[in-house]
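Chains, contacts and geometry: an overview
Read off the chains here:
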Amino acid sequence: MTRPAHRVGFVVFDGVTMLDVSGPSEVLHQARRVAPAYELVLVSPRGGPVTTAAGLVLGGTSAAAHAGPLDTVVVAGGDRLAQQPVEQELLDAAGALAERAGRVASVCTGAFVLAALGLLDGRRATTHWRHAGALARAYPRVRVEPDAIHVRDGRYVTSAGISAGIDLSLALVEEDHGADAARAVARELVVFLQRPGGQSQFSAALSTPPARSDPLRSLIAAVVADPAADHSLADMAARAAVSARHLTRLFRTELGTTPARWLEQVRLDRAGQLLLEGHSVTAAAQGSGLGSDETLRRVFARRLGTTPTEYRARFASAAAREAPR
């Protein structure tokens, strides 16, 4: 007897991010070369055409009530899911589909839908780095992992933003059909089977929230202007005209971190900027205040899961890649 195709339903809606749908869909489509084919279904709350954030139209979506049995449900993302409450119609559709599926996934801000349904309570999850803080604040029972590319917790799988849906789908193919099948699809699509490093390497520099107090704002401006200067805790406290203990309290209260960790992030951001401008690893270490090549490499490994040279190769312009290492 022929085994029924594994049915995957992509939950879409007006304003959905196109690549959140097309990237994972293409992975699963290409998997047919080495494994039993997946059956892909586009599902929306009411059915019919859906307009993506890019203005392109996805036609022929099935209404959630008529989608039929699904083995895997993938909730795609869209910026509006992180910017305003998710409408009840979308929650009802996604909730009904998720209840019947054996595996439930989200791409990017699709995690906000799963979180709003309570499906991620007490679970590890991730989303786009830009929205990870908002997800954690809005749903404190979700254990948000902002650096993860994708996270599996029980039958729920969540991924980081946009192209990370490809990583997630490769992981699903590997789970269903083994590493060789996933590796073959990755080769066909010319992508990593397992992307090096986490999503911190893609995040915007200095993404901590702005300080509220004047002493901290002035200190932050001074350090960012010259991260390579001597910024010991005592020096920073003196500049802010507060005690070291009070400065530490201000950092924890207003920025959710310590002075040392924040300073390291500032210096890491500066080092990354110098590398992308074509400076050598040694020059980036010295110009950022991290000091030595070894310290720079250690911070890159711990914070970004990559090396300075790999970081530059991945993000620098062609001209900058020719700079001495």
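Residues numbered from 1 in each chain as written. Predicted model: local features only at pLDDT ≥ 70, side-chain atom pairs only at ≥ 80, totals over all residues. Heavy atoms only, no water.

Quick notes on the overall build of the chain
Inclusion rule: Helix numbering and strand numbering both begin at the N terminus, where a helix is a DSSP run of H or I of at least 4 residues and a strand a DSSP run of E of at least 2. Between buried and exposed lies partly exposed: a residue is buried under 20% and exposed over 50% of the maximum accessible area for its type, with that area taken using a 1.4 Å probe on protein chains only. The criterion used for residue contact is that any of the two residues' heavy atoms lie within 4.5 Å.
Summing up its helical and strand segments, the chain has 15 helices and 10 strands in all. Judged by the C-alpha coordinates and their principal axes, the chain covers about 75 × 45 × 35 Å. By the burial criterion, 46% of the 325 residues in the chain qualify as buried. Counting only contacts in the chain whose residues sit at least 6 apart along the sequence, the fraction spanning at least 24 positions is 63%.

So, the nonpolar core
Rules: Definition of nonpolar core: a set of buried residues of the types Ala, Val, Leu, Ile, Met, Phe, Trp, Tyr and Cys, connected through side-chain atoms within 4.5 Å.
Grouped together as the largest cluster of nonpolar side chains are 57 residues, with contacts concentrated most on Val 16, Leu 97, Val 113, Leu 120 and Val 173. Here this core gets six residues from one element, more than from any other, and that element is helix α3 (residues 88-100). Every residue in contact with Val 113, bar those within four places of it in the chain, is listed here: Val 75, Leu 81, Val 86, Leu 90, Leu 91 and Ala 94. Counting 15 residues, the second-largest nonpolar core is a separate cluster that includes Leu 250, Trp 262, Leu 263 and Val 266.

Notes on helix α8 (residues 214-225)
Test applied: To estimate the expected span of a helix, count its residues, drop one, and scale the result by 1.5 Å. Our arc is simply the arc of the directions from the helix axis toward the C-beta atoms.
A rise of 1.5 Å per residue sets the reference length of α8, with its 12 residues, at 16 Å; its end C-alpha atoms lie 17 Å apart and thus fit the reference within 8%. Buried within α8 we find Leu 216, Leu 219, Ile 220 and Val 223. In an axial view of α8, the angular spread of the buried residues amounts to 100°, which keeps them on one side of the axis. Of the exposed residues in α8, those oriented more than 90 degrees away from the buried face are Ser 218 and Ala 225.

Re the sheet that holds strand β10 (residues 156-159)
Sheets are built from strands paired through backbone hydrogen bonds, the pairs being either parallel or antiparallel. Quick note on the threshold: Here the rule is simple: two strands pair whenever DSSP picks up at least two bridges between them. In this analysis, axes come from line fits to C-alpha atoms, helices being fitted only over the stretch in contact, and the angle between any two N-to-C directions falls in the range 0 to 180 degrees.
The sheet built from eight strands is open, its strands ordered β3-β4-β2-β1-β5-β6-β10-β9 with mixed pairing. Where the open sheet ends on each side, the last strands, each with one partner, are β3 (48-51) and β9 (150-153). Along the sheet, successive strands turn relative to each other by an average axial angle of 30°, direction set aside. The pairing of strand β2 (residues 38-44) with strand β4 (residues 57-63) spans two bridges and is classified as parallel. Paired with Val 43 across the two strands is Ser 62, which belongs to β4. Packing against the sheet, helix α1 (residues 18-30) makes contact with β1 (6-11), β2 and β4, and its axis sits at approximately 170° to β1. Contacts between α3 and the sheet are confined to β1, β2, β5 (72-75) and β6 (103-106), with β5 contributing the most and set at about 155° to the helix.

Points about the pairing of β1
To keep it simple, the criterion reads: If the strands point away from the viewer and the path from the first strand over the helix to the second runs clockwise, then the crossover is right-handed.
By the criterion of burial, β1 is predominantly enclosed, with five of the six residues buried. Summarising the sheet, β1 and β2 pair through six bridges and their orientation is parallel. For His 6, the partnering residue across the bridge sits in β2 and is Tyr 38. A crossover connection joins β1 to the parallel β2 through α1; in handedness this β-α-β unit is right-handed. Judged from the four bridges that link them, β1 and β5 form a sheet pairing that is parallel. In the sheet register, Phe 10 faces β5, and the bridge partner there is Val 74.

A short note on the environment of Gly 161
With respect to the secondary-structure elements, Gly 161 resides in the loop between β10 and α6 (164-177). As a C-alpha pair, Gly 161 and Arg 270 span 109 residues in sequence and 24 Å in three-dimensional space.

Observations concerning the pattern of salt bridges
Our working rule: Here a salt bridge means any side-chain nitrogen of Lys or Arg lying within 4 Å of a carboxyl oxygen belonging to Asp or Glu.
The full count for this structure, using the stated rule, is 16 salt bridges. Residue Glu 89 pairs with Arg 46 through a salt bridge whose shortest N-O separation is 2.5 Å. Of the two residues, Glu 89 sits in helix α3 while Arg 46 sits in the loop between β2 and β3, which places them 43 residues apart along the sequence. Take Arg 46: its relative accessible area is 68%, and that puts it in the exposed class. A salt bridge links Arg 141 to Asp 121; the nearest nitrogen and oxygen atoms lie 3.6 Å apart. With Arg 141 in the loop between α5 (132-138) and β8 (143-144) and Asp 121 in the loop between α4 (110-116) and β7 (124-125), the pair connects residues that are 20 residues apart, well separated along the chain. Overall, the relative accessible area of 30% leaves Asp 121 in the partly exposed class. Here the salt bridges do not stand alone but share partners, grouping Arg 103, Arg 152, Glu 175 and Asp 176 into one network.

So, unusual backbone geometry
With phi around 55°, Cys 108 is a residue other than glycine that occupies positive phi space. Within the secondary structure layout, Cys 108 lies in the loop between β6 and α4. Of note, the phi angle at Ile 162 is positive, near 50°, even though the residue is not glycine. Its location among the elements puts Ile 162 in the loop between β10 and α6.

Observations concerning the side chain of Asp 20
Using the following cut-off: Whenever a nitrogen or oxygen atom comes within 3.5 Å of another N or O atom, the pair is scored as a polar contact, on the condition that within protein one atom can donate a hydrogen and the other can accept it, and that pairs from neighbouring residues in sequence are kept only if both atoms are in side chains.
Residue placement: Asp 20 occurs in helix α1. A distance of 2.9 Å separates the side chain of Asp 20 from the backbone nitrogen of Gly 77, its partner in a polar contact. Setting aside residues up to four positions removed in sequence, Asp 20 forms contacts with Ala 76, Gly 77, Gly 78, Val 107, Cys 108 and Ile 162.

By themselves, these figures tell us nothing about what the structure is for.
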